[in-house]
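# Topology and contacts: notes
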Amino acid sequence: MTAGGNVSAGMTGIDELLRGSLDHCVKCTICETQCPVSNVTPLFPGPKYAGPQAERYRVGGEPSVEWSVDYCSGCGICSMSCPQGVKIAEINAQARHKLKREHGIPLRDRLITRPTWLGRAGTPVAPLANFTLGFKPLRVLGEKTLGVHRNGPAPKFAGRRFSRWARGHSGPGTGRRIVYFHGCGTEYYEPWEGQKIVEILEHNGFRVEVPKQDCCGLPLQSSGLFDDARKVVLRLARALAPHVRDDPDTIIVGNATSCTLMLKREAREILGIEGDPDLKLVSERTYDICELLLELHDRGELKTDFRPVDEHIAYHAPCQQQGHYIGKPALELFALIPGLEVSEMNARCCGIAGTYGLKAEKYDIAMAVGADLFAQVEASGAGEVACDSETCRWQITHATGHKSAHPIDYLHRAYGL
Amino acid sequence: MATLTTDVLVIGGGATGAGVAWDAALRGLDVVLVDRGDLAEGTSGRFHGLLHSGGRYAVKDPRAAEECIAENRILRRVAADGIEDTGGFFVTTPWDDPAYADRFAAGCAATGVDCEEIDRAVALKEEPRLNPDVSRVFRVPDASIDVWKTVWALARGAQQRGARVLPYHAAVAIHRDGDRVTGARLRGSRSGEELDVEAGVTVNASGAWAHFIAEMAGIEGVRVLPGRGIMIAMNHRLVNTCVNRCQMPTDGDIIVPIRTVCVIGTTDVHTDDPDDHTVIQSEVDAMLDDGEKLVPGFRRARALRVWTGVRPLFEDAKADSTETRDVTRAHALLDHEQRDGVQGFVTITGGKLTTFRLMAEETVDAVCRHLGEQRACTTSTEPLPGSEEHATYHLGERLERKEQHLSDHQLICECEMVPRWKLEQTMRRRATTNLDDIRRLLRLGMGPCQGGFCIYRATGILHGLDGLTAEQADETLRRFLQERWKGVWPVLYGDQLRQARLDDWIFQGVLGVEHLPA
Ligand SMILES: Cc1cc2nc3c(=O)[nH]c(=O)nc-3n(C[C@H](O)[C@H](O)[C@H](O)COP(=O)(O)OP(=O)(O)OC[C@H]3O[C@@H](n4cnc5c(N)ncnc54)[C@H](O)[C@@H]3O)c2cc1C
Ligand code: SF4
Ligand code: SF4
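Residues numbered from 1 in each chain as written. Chains lettered and ligands numbered in written order. Predicted model: local features only at pLDDT ≥ 70, side-chain atom pairs only at ≥ 80, totals over all residues. Heavy atoms only, no water.

Now for the interface of chain A and chain B. Across the contact, 35 residues belong to chain A and 40 residues belong to chain B. Buried area between chain A and chain B, both sides added, is near 3300 Å², and the carbon and sulfur share of it is 55%. Sorting the residues of chain A by area buried against chain B places Asp23, Arg56 and Tyr57 of chain A first, and these three jointly supply 25% of that buried surface. Between glutamate 414 of chain B and lysine 48 of chain A there is a salt bridge, with its nearest N and O atoms 2.9 Å apart. On the surface where chain A and chain B come into contact, there are 19 residue pairs in polar contact (both at pLDDT 80 or more). For the side of chain A that touches chain B, the secondary structure elements donating two or more residues are α1 (13-19) and α3 (47-55) of chain A. The residue inventory of the side of chain A that touches chain B, partitioned by class, reads 17 nonpolar, eight polar and 10 charged. (Contact = heavy atoms within 4.5 Å. Buried area = accessible area lost by both parts, 1.4 Å probe. Salt bridge = Lys/Arg side-chain N within 4 Å of Asp/Glu carboxyl O. Polar contact = N/O pair within 3.5 Å; in protein donor to acceptor, adjacent residues only side chain to side chain. Helix = DSSP H or I, 4+ residues; strand = E, 2+ residues; numbered from the N terminus. Nonpolar A, V, L, I, M, F, W, Y, C, P; charged D, E, K, R; others polar.)

This brings us to the domain arrangement of chain B. All names here are of chain B. We note that the domain assignment places domain 1 (2-43 + 148-223 + 326-371), domain 2 (56-67 + 76-143 + 225-306) and domain 3 (397-515) within chain B. On a C-alpha basis, the centres of domain 1 and domain 3 stand 32 Å from each other. Listed by partner, the interface residues are nine residues for domain 1 and eight residues for domain 3. Here domain 1 and domain 3 share an interface that buries about 700 Å² over both sides, 48% of which is from carbon and sulfur atoms. (Domains from an automatic or database assignment.)

The next thing to look at is the site of ligand 2. Residues and elements named next belong to chain A. Near ligand 2 lie 14 residues; those nearest to it are Cys25, Cys28, Thr29, Cys31 and Cys82. Of all elements in the fold, only α2 (30-34) and α3 reach the threshold of two or more residues within the shell around ligand 2. For the shell around ligand 2, the class distribution of residues is 10 nonpolar, two polar and two charged. (Near = heavy atom within 4 Å.)

Attention shifts here to the sheet that holds strand β6 (residues 341-344) of chain A. Residues and elements named next belong to chain A. Pairing is parallel in the open sheet, where four strands are placed in the order β6-β5-β7-β8. In the strand order of this sheet, the two ends are held by β6 and β8 (404-405), each with one partner. Pairing of strand β5 (residues 312-316) with β6, which is carried by four bridges, proceeds in the parallel orientation. Paired with isoleucine 313 across the bridge in β6 is valine 342. Contacts between helix α21 (residues 390-400) and the sheet are confined to β5, β7 (385-387) and β8, with β7 contributing the most and set at about 160 degrees to the helix. (Pairing = 2+ DSSP bridges. Axes fitted to C-alpha atoms, helices over the stretch in contact; angles between N-to-C directions.)

Residue and element names in this part refer to chain A. Here we have four strands laid out as an open sheet, ordered β2-β1-β3-β4, and parallel in their pairing. In the strand order of this sheet, the two ends are held by β2 (206-209) and β4 (286-288), each with one partner. Recorded for the sheet is a direction-independent mean angle of 40 degrees between the axes of neighbouring strands. Where helix α14 (residues 226-245) meets the sheet, it contacts β1 (176-181), β2 and β3 (252-254), and its direction lies at approximately 175 degrees from that of β1. The strands touched by helix α16 (residues 277-285) are β3 and β4; relative to β4, the strand with the most contacts, the crossing angle is about 35 degrees.

Here it is as structure tokens:
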């Protein structure tokens with residue numbers, strides 16, 4: 001039997017896969033012990049309750065009766081830890097979606113879930129926008145009117161866009177083709193991460209293509225705005241698919257772990273998009289950057305001309321990265337770098353879960369969720385914190401004051417590029 | 001020995017008997033209602049859960065169809081609190097005679113059963129798991145009815161009007177004074193104590209056991225042919241509408257969504273003993289195959305438990321062969337004064353749960369004749385306790401209630417969302433040490449883990465409240481587990497097998513229930 005079970009002919013696979021998976025729950029409570037949110041707040045009753053239990057009381061035609069499911073951050077730790085294969089986080093996402101559809105969606109959720117809009121609006125006026133984001137009185141106003149927490153770890157606009165750099169960049173022009181999916185974080189906030197990735201790939205003999213691309217729809221999805229999210233992710237699939245369709249050897253690589261997860265799995269398992277050939281193709285070809293580099297290394301194809309990097313860093317594997325079910329490839333890559341000392345954090349979650357920790361009513365919860373991690377970072381004695389997901393990095397830096405970077409930063413330094 | 005005196009003694013606390021008690025109490029009569037077990041522990045508590053629209057009988061038994069639709073409309077108002085308005089479909093699957101659909105529609109029209117043919121696509125949108133190969137779909141006003149809630153509402157209503165309700169009191173003898181039945185002797189099945197009831201009229205409402213009570217009264221020829229039927233409850237609602245196959249009524253042709261589960265049923269196999277609850281594996285298999293026809297994937301979904309109920313099919317062995325041996329009769333009311341020249345005794349058996357109110361009305365009419373009084377029936381307009389607002393319940397109710405008390409109401413039964421305060425309140429009210437009694441009232445232990453996580457908690461709470469000895473508490477726990485196990489073993493495959501293993505580790509491995517001092 002597949003993990004989802006109970007797939008029936010008349011049922012769209014998604015509903016069966018998710019709702020049907022509640023049949024596997026044996027009530028062991030393991031997920032409850034793992035959920036970072038229910039462990040710090042009584043406002044969320046926990047994955048077993050909100051997932052397989054409450055789902056038995058939900059009927060399509062009846063109105064949603066619980067707001068508490070909105071406090072699930074969607075981190076996915078529960079689904080990962082359930083030994084029976086119950087799609088808990090996914091069931092919660094569906095319930096949240098129904099709730100939002102029935103009760104309307106706050107303007108705040110409409111805004112902060114659209115990084116493309118925000119990015120386009122903020123980039124040309126970066127200094128002003130950054131000033132606004134950093135300016136307490138305006139943030140207080142934003143909290144009151146929009147419900148975005150005044151202290152939420154808002155990123156700084158870079159003031160330039162990665163895609164512009166990519167257009168102006170002339171690579172080697174030869175080598176194996178690879179498609180780079182950079183995501184919104186790289187595009188508007190951290191374009192230098194994208195540059196580093198391109199340089200690393202080129203150093204390893206790739207010819208990097210950067211198609212015109214947009215958001216993957218994840219922020220919309222995690223706020224329950226499924227219809228919009230579907231449109232957005234399909235638009236992305238349309239943009240990427242032509243670049244890999246005719247060549248079975250070309251793959252897509254991304255550095256935003258949650259966005260690549262969206263392409264790999266969540267568009268199907270949470271948004272329920274099925275039978276779209278573009279999405280299917282893109283989904284099969286998508287790799288996380290560290291996953292790819294480690295695979296190259298396993299095949300003896302990764303250059304290892306690393307110079308020592310004499311630093312002590314902390315590494316936190318974000319929840320969404322763990323949702324790829326690829327282990328923690330960054331740790332193995334770090335081991336290739338001479339001199340680099342890495343303390344592995346074993347806290348569950350930093351709390352931010354995309355845009356969750358920005359929301360006024362959830363900020364304190366998110367900070368409490370991350371408290372364990374923040375304390376570990378402090379205790380490790382490490383300088384910087386490496387972490388694969390940008391929103392998690394912003395949260396960690398916001399909470400600990402430690403600088404943070406994507407794992408490829410250290411590879412880039414070690415290659416001396 | 002204590003003696004109670006009353007106008008009406010009702011033997012049998014199923015839907016019929018409780019309905020008689022409520023009806024008689026409303027008419028101002030003094031009532032004693034008894035059952036050898038708990039209320040609704042007989043056939044009523046083991047039925048399929050369907051409040052018939054009448055569709056099922058529209059072709060085969062038009063009179064039954066008319067009765068069902070009339071009662072369906074009445075009960076939606078007066079017994080709303082125990083009813084969920086699920087609606088029903090009759091669907092023509094590839095295994096059904098396609099010609100039946102037109103006969104069905106005509107039958108519904110003739111009997112007044114509301115019926116509308118709907119587009120397949122509409123039906124599949126509403127019920128996405130339904131077999132996409134159904135060719136025709138009719139919508140009817142089927143509903144599901146929570147029998148425990150309903151029977152206890154009837155009993156409570158009667159009690160509020162002075163009736164005495166005595167569960168766990170079996171009639172062991174019927175008293176006769178010449179041509180008159182004058183009451184019965186009861187034996188407390190827990191205390192063992194006996195009690196006499198003197199009654200103006202004694203009503204035999206013991207369903208599939210009616211012949212035993214009739215015999216005790218020296219009445220001949222009351223024959224009940226018990227027909228055993230099997231049902232399987234699935235872990236969650238695969239459908240939210242009652243789905244019937246559109247064909248002549250047969251086995252395994254209905255799925256009823258009720259509370260958090262859906263139930264497929266049923267069969268009809270003759271048995272000699274109404275207490276025979278044998279589950280035959282081949283019947284379980286056949287039922288799962290039938291489920292597959294209505295909902296593809298049914299066999300892979302998780303089954304929770306299996307149980308059987310016994311229909312009281314009445315045959316009057318006394319009547320001349322053709323005259324009153326009317327097999328299509330929905331229910332049988334025997335006025336023993338007219339039939340046997342015995343006063344003060346009436347038997348009501350057969351029928352359906354859906355028609356219990358009508359059966360009670362006819363019965364109490366006969367009771368009034370025996371008492372020589374004219375009192376009008378008001379059960380078709382008087383709401384039951386809890387149904388004053390005529391509001392039917394909906395599935396999300398418990399979730400909604402819990403949501404309002406997320407952190408202050410501790411859940412004891414997590415699957416069926418039974419909070420601690422409710423459990424304690426019910427334990428006090430029922431003053432029972434039998435967790436099965438509590439289960440019927442609250443659905444305690446009826447969810448996916450079948451008591452695996454809540455029953456040891458509930459036992460502990462009961463132990464604290466009731467001052468049971470440790471041995472009594474152990475016994476309570478063991479009894480409950482044995483009852484649950486009976487229903488679980490026939491469907492031990494897939495997910496439920498894993499659950500049973502985990503439950504087993506908890507009870508045998510951690511708690512060592514088999515080695516508790518008895
Ligand atoms: C498998 C199955 C499925 C069914 N499904 C449906 C359905 O979906 N919809 C529907 O409308 N109908 C259904 N029915 C029919 C319905 O369940 C019965 O007609 C109805 O429950 C009968 O109720 P009752 O009160 O007459 O009998 P019971 O509920 O059996 O009540 C009789 C009571 O008498 C008690 N008793 C026996 N002997 C004694 C004694 N010596 N002293 C004291 N008490 C005694 C018993 O303990 C029992 O509680 C179904 C029946 C079966 C078997
Ligand atoms: S971990 Fe899985 S099986 Fe255990 S309670 Fe949670 S959902 Fe159920
Ligand atoms: S997704 Fe994360 S926050 Fe939500 S229930 Fe699962 S573990 Fe808890």
